[in-house]
Amino acid sequence: QVQLVESGGGLVQAGGSLRLSCAASGRTFTTMGWFRQAPGKEREFVAAIWSSGGRTYYADSVKGRFTISRDNAKNMVYLQMNSLKPEDTAVYYCATDNVAFAVRVTSAYEYWGQGTQVTVSS
């Protein structure tokens, strides 16, 4: 059984930083990703990383501000978020699966965490 547990969310002022963590247990998969969902909006891709080689992918809206990383030995994935904006406010979800190229597609991931709230005040 796969379990993903996110942590690190909170309230921060615009321009501030937060670091999200996701602890994975059970089976391991090739790809770990971060998605987010704001009230009244669909869940959207934020970032993803492959376990082998560490290739990373980012949504255009966060490129240059967010950094995804993983520690395979600890089965952890992180999302360092800098220069946060009010529009980054959302529930952030960690996801994992054997995803090759559709890393930006929500339906490509079967396993999800419960989410952690990030609120950026202006």
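Residues numbered from 1 in each chain as written. Predicted model: local features only at pLDDT ≥ 70, side-chain atom pairs only at ≥ 80, totals over all residues. Heavy atoms only, no water.

Trainee: It is not clear to me how the sheet that holds strand β3 (residues 18-25) should be interpreted in this structure. Could you clarify?
Mentor: Neighbouring strands of a sheet are bound in pairs by backbone hydrogen bonds; such pairs are parallel or else antiparallel. Taken in spatial order, the 4 strands make up an open sheet running β1-β3-β8-β7, and their pairing is antiparallel. In this open sheet, the two edge strands, each paired with only one partner strand, are β1 (3-7) and β7 (66-71). Each adjacent strand pair in this sheet contributes to an overall mean axis angle of 15°, direction not counted. Pairing of β1 with β3 involves 5 bridges; the strand directions are antiparallel. Looking across to β3, one finds that Val 5 is bridged to Ala 23. (Pairing = 2+ DSSP bridges. Helix = DSSP H or I, 4+ residues; strand = E, 2+ residues; numbered from the N terminus. Axes fitted to C-alpha atoms, helices over the stretch in contact; angles between N-to-C directions.)

Trainee: Just checking my understanding: could you explain the state of the cysteines for this structure?
Mentor: Here a disulfide denotes a covalent bond joining the sulfur atom of one cysteine to the sulfur atom of another. In this structure the tally under the stated criterion is 1 disulfide. Disulfide partner of Cys 22: Cys 94, at an S-S distance of 2.1 Å. Between Cys 22 and Cys 94 the disulfide shows an S-S torsion of about -80°. By sign, it is left-handed. Remark: Cys 94 occurs in strand β9 (residues 90-97) and Cys 22 occurs in strand β3; sequence separation between them is 72 residues. A relative accessible area of 0% places Cys 94 in the buried class. (Disulfide = S-S within 2.5 Å. Buried < 20%, exposed > 50% of the residue type's maximum accessible area, 1.4 Å probe, protein only.)

Trainee: How should I be thinking about the nonpolar core in this particular structure?
Mentor: The tendency in soluble globular proteins is for nonpolar side chains to be buried as a group. With 37 residues, the main nonpolar core has Trp 34, Leu 79, Met 81 and Tyr 92 as its most contacted residues. Of all the secondary-structure elements, those providing two or more residues to this core are β3, β4 (31-37), β5 (44-50), β6 (56-58), β7, β8 (76-81), β9 and β11 (116-121). A total of 5 residues in this core trace back to one element, the largest contributor, which is β5. Those residues in contact with Tyr 92 that lie beyond four places of it in its chain are Glu 6, Leu 20, Trp 34, Phe 35, Arg 36, Val 46, Phe 66, Leu 79, Met 81, Gly 115, Thr 116 and Val 118. (Core = buried A, V, L, I, M, F, W, Y, C linked by side-chain atoms within 4.5 Å. Contact = heavy atoms within 4.5 Å.)

Trainee: What exactly am I supposed to notice about the environment of Ser 107 here?
Mentor: Considering the arrangement of structural elements, one finds Ser 107 in the loop between β9 and β10 (111-112). What makes Ser 107 exposed here is its relative accessible area of 68%. As for Ser 107 and Cys 22, which are separated by 85 residues in sequence, their C-alpha atoms are 19 Å apart.

Trainee: So what exactly am I meant to see when it comes to the pairing of β11 here?
Mentor: Looking along a regular strand, one sees the side chains alternate between the two faces of the sheet. Because side chains alternate across β11, one face comprises the buried residues Thr 116, Val 118 and Val 120, and the other comprises Gln 117, Thr 119 and Ser 121, none of which is buried. Where strand β2 (residues 10-13) lies against β11, 4 bridges are found, and the strand directions are parallel. Residue pairing for β11: Val 12 is matched across the bridge by Val 120. Pairing analysis gives 3 bridges linking β9 to β11, with the strands arranged antiparallel. Note on β11: the bridge partner recorded for Tyr 92 is Thr 116.

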